[in-house]
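Structural description and commentary
In case you want the letters, here they are:
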Amino acid sequence: MVVLANPPVVDQIPLLRSPGPADYFSAIPVVDLSSPGAARAVVDACERFGFFKVVNHGVATETMDRAEAEAVRFFAQAQADKDRAGPAYPFGYGSKRIGLNGDMGWLEYLLLAVDSASVSDACAVPSSAAFRNALNEYIAAVRNVATRVLEAMAEGLGIAPVDTLSAMVKEQGSDQVFRVNHYPPCPALQGLGCSATGFGEHTDPQLVSVLRSNGTSGLQIALQDHQPQQWVSVPSDRDAFFVNVGDSLQVLTNGRFRSVKHRVVTNSLKSRVSFIYFAGPQLAQRIAPLPQLLGEGEESLYKEFTWGDYKKAAYKTRLGDNRLSPFEKLAR
Ligand SMILES: C=C1C[C@]23C[C@@]1(O)CC[C@H]2[C@@]12CC[C@H](O)[C@@](C)(C(=O)O1)[C@H]2[C@@H]3C(=O)O
Ligand SMILES: O=C(O)CCC(=O)C(=O)O
Ligand SMILES: [Fe+2]
């Protein structure tokens, strides 16, 4: 058997089949956040895909464009200047290494903590006032979208009060993270039929994550209940947000919503810039099915745990691991 090595430029980064036109999925659910039917549409999308696109969200195009332009300016700096904004852990600039357990991707990024609705003072980067202000304006707006989405979920699920989920992420001391990802093009792989993994397959840990990218596609989601696993490409839309159901929301709904597996495949010619707001609760928040969602005699599928317990375990895992498995009750 002939074993072909990765081209040296992408050494250590797993390769994926390059998506073709047939991989683009036109049936991604679209939720019009301004419509009276939003709550029902959100629940339907979460049950079927754990993923949906949000339009008519009310966030100004200028807010998104300004943050994107500042991010592009940041990543265009010399490598030595960017490295001074590192390391990525606990917060800062990182390149190629994702997490602390050996995952690698064809990307560079900023990982930031959010306090209330802006970049935490504990984060020294970004140091440019223009970038920081642009991010703060964007974060305030995207956080508002996340809370409206969580309220629509509660309404659609018939949970009272309607802020039961959104309050978890709005509370003082909630664990909110913001990530700016830049996937440079990888021309060395052009024409080979394969692409570098930008961000390997995983589920997000929090309740929901809200993503916005420039016009370069690359995000793929795994369709639920498909054997063998089927990856589809999400057509990019720079005017929309994309919402991922995270592991915590899966538990809060006792598996009615399932966290979506997703990944990013790099483009050989165009760079992708994405912003992701991860809406997590306080460390002490108990993550357990909401009593109003448990039917007569229905038991929790999970053991008792807090977000802090989950997080501690999660940061020891590799990206592609099932981070909920230590908390699942064994099937009887
Ligand atoms: C490999 C890892 C990176 C990650 C922490 C982890 O150990 C497992 C979860 C990963 C993830 C995925 C979604 C987000 O991008 C992220 C910030 C998160 O909350 O969980 C990352 C973590 C990370 O990059 O530190
Ligand atoms: O950059 C993207 O488009 C998605 C990245 C992602 O899934 C993550 O940062 O958790
Ligand atoms: Fe993710």
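About the thresholds
- For every chain, the first residue of the written sequence is number 1, and numbering continues from 1 onward in sequence order.
- The lettering of chains begins at A and the numbering of ligands begins at 1, in the order of writing.
- Predicted model: local features are reported for residues with pLDDT of at least 70 only, side-chain atom pairs are reported and counted for 80 or more only, and whole-chain, interface and lining totals are derived from all residues.
- Based on all heavy atoms of the structure, the side-chain values leave hydrogens and waters out of the count.
- In DSSP terms, a helix is any run of H or I states spanning at least four residues, a strand is any run of E spanning at least two, and both are numbered starting from the N terminus.
- Three labels apply to residues, based on accessible area from a 1.4 Å probe with only protein chains included: buried if under 20% of the type maximum, exposed if over 50%, partly exposed otherwise in between.
- Should any heavy atoms of two residues lie within 4.5 Å, those residues are counted as being in contact.
- Working definition of accessibility: Shrake-Rupley area with a 1.4 Å probe, residue cover restricted to the visible protein chains.
- When charges are counted, neither His nor the chain ends are considered; positive counts come from Lys and Arg and negative counts from Asp and Glu.
- For the purpose of locating charges, the reference atoms are NZ of Lys, CZ of Arg, CG of Asp and CD of Glu.
- Throughout, near means a residue has at least one heavy atom within 4 Å of the molecule or strand.
- Two N or O atoms form a polar contact when they lie within 3.5 Å of each other; inside protein one atom must be a possible hydrogen donor and the other a possible acceptor, and for residues adjacent in sequence the pair counts only when both atoms belong to side chains.
- Residues are called lining when one of their atoms sits within 4 Å of a cavity or pocket point, these points coming from a 1 Å grid over the protein atoms alone, where a cavity is a set in which a 1.4 Å probe fits but cannot get out and a pocket is an open set with protein on both sides within 12 Å along at least five of seven lines.
- The way we define it, a molecule is inside a pocket or cavity when more than half of its atoms are within 2 Å of that pocket's grid points.
- Ten residue types, Ala, Val, Leu, Ile, Met, Phe, Trp, Tyr, Cys and Pro, are classed as nonpolar, four, Asp, Glu, Lys and Arg, as charged, and the remainder, Gly among them, as polar.
- Put simply, a salt bridge is a Lys or Arg side-chain nitrogen that is within 4 Å of an Asp or Glu carboxyl oxygen.
- Values of pLDDT, which run from 0 to 100, indicate the predictor's confidence residue by residue.
- A fitted line through C-alpha atoms represents every axis, and for helices the fit uses only the stretch in contact; the resulting angles, taken between N-to-C directions, go from 0 to 180 degrees.
- Here is the rule for angles: anything less than 35 degrees is roughly parallel, anything more than 145 is roughly antiparallel, 65 through 115 is roughly perpendicular, and the remaining ranges are oblique.
- Grid points are joined across faces, edges and corners, and a volume is the space filled by probe spheres set on the points.
- UniProt positions are given in the numbering used here, feature names are shortened, and annotations may be inferred rather than shown by experiment.

Turning next to the overall build of the chain. Scanning the chain from N- to C-terminus turns up seven helices and 14 strands. With respect to the three principal axes, the spread of C-alpha positions in the chain is 60 × 55 × 35 Å. Scored against the burial criterion, the 332 residues of the chain give a buried share of 52%. Here the analysis covers contacts within the chain between residues at least 6 apart in sequence; of these, 73% occur between residues at least 24 apart. Working note: accessible area of the chain is about 14,900 Å², and carbon and sulfur atoms make up 52% of it. Of the charged side chains in the chain, 32 are positive and 34 negative; the average position of the first set lies 4 Å away from that of the second.

The full set close to ligand 1 counts 18 residues, and Tyr89, Arg179, Gln206, Ala314 and Thr317 are the nearest of them. Within the contact set of ligand 1, an oxygen atom lies 2.7 Å away from a side-chain nitrogen or oxygen of tyrosine 89. Expressed as a share of its isolated accessible area of 470 Å², the protein-covered part of ligand 1 is 99%. More than half of the atoms of ligand 1 fall within 2 Å of the grid points belonging to the largest cavity. Listed by contribution, the elements that provide at least two residues to the shell around ligand 1 are strand S5 (103-115) and strand S8 (194-202). Class assignment of the residues belonging to the shell around ligand 1 gives a composition of nine nonpolar, five polar and four charged.

What follows deals with the pattern of salt bridges. In the structure shown here, the tally under the stated rule is 17 salt bridges. Residues glutamate 137 and arginine 66 are paired through a salt bridge, measuring 2.5 Å at the closest nitrogen-oxygen approach. Residue glutamate 137 is located in helix H4 (residues 129-157), and its partner arginine 66 is located in helix H2 (residues 61-75); the two are separated by 71 residues in the primary sequence. Among the residues examined, arginine 66 registers a relative accessible area of 37% and is labelled partly exposed. In this structure, aspartate 175 and lysine 311 form a salt bridge, with 2.8 Å as the shortest nitrogen-oxygen distance.

With that settled, the discussion passes to the confidence of the model for the chain. Looking at the chain, the pLDDT average stands at 96 and 98% of residues meet or exceed 70. Confidence metrics for the complex model read pTM 0.97 and ipTM 0.99.

Turning our eyes to something else, we now look at the packing of helix H1 (residues 38-48) against H4. Interhelical geometry of H1 versus H4 gives an angle of 90 degrees and a closest axis separation of 8 Å. As judged from the angle between their axes, H1 and H4 are roughly perpendicular. Here Ala39, Val42, Val43 and Cys46 of H1 come into contact with H4, specifically with Val149, Ala152, Met153, Glu155, Gly156 and Leu157. In terms of residue class, the contact of H1 with H4 is made up of eight nonpolar, one polar and one charged.

On to empty space enclosed by the protein. Counted under the stated rule, the structure contains two cavities of 30 Å³ or more. Size it by volume and the largest cavity reaches roughly 520 Å³. Forming the boundary of the largest cavity are 32 residues, of which Ile98, Arg179, Phe199, His202 and Leu319 lie nearest the centre. For the lining of the largest cavity, the secondary structure elements donating two or more residues are S5, strand S7 (176-183), S8, strand S13 (262-265) and strand S14 (272-279). Residue composition of the lining of the largest cavity, by class: 16 nonpolar, 10 polar and six charged. Within this model, the second largest cavity holds a volume of roughly 30 Å³. Looking at side-chain class alone, the lining of the second largest cavity contains five nonpolar, two polar and one charged residues.

This paragraph deals with the UniProt feature "domain: Fe2OG dioxygenase" (unreviewed entry) in the chain. According to UniProt, the positions carrying the feature "domain: Fe2OG dioxygenase" (unreviewed entry) are residues 173-281. The span residues 173-281 is 6% helix and 43% strand, and its two end C-alpha atoms sit 8 Å from each other.

Ligand 2 sits among 13 residues. The nearest are Asn181, Tyr183, His262, Arg272 and Ser274. The side chain of histidine 202 places a nitrogen or oxygen atom 3.1 Å from an oxygen atom of ligand 2. In the complex, 98% of the free accessible area of ligand 2, which totals 290 Å², lies under the protein chains. Here ligand 2 occupies the largest cavity. Taken together, the elements giving at least two residues each to the shell around ligand 2 come down to S7, S8, S13 and S14.

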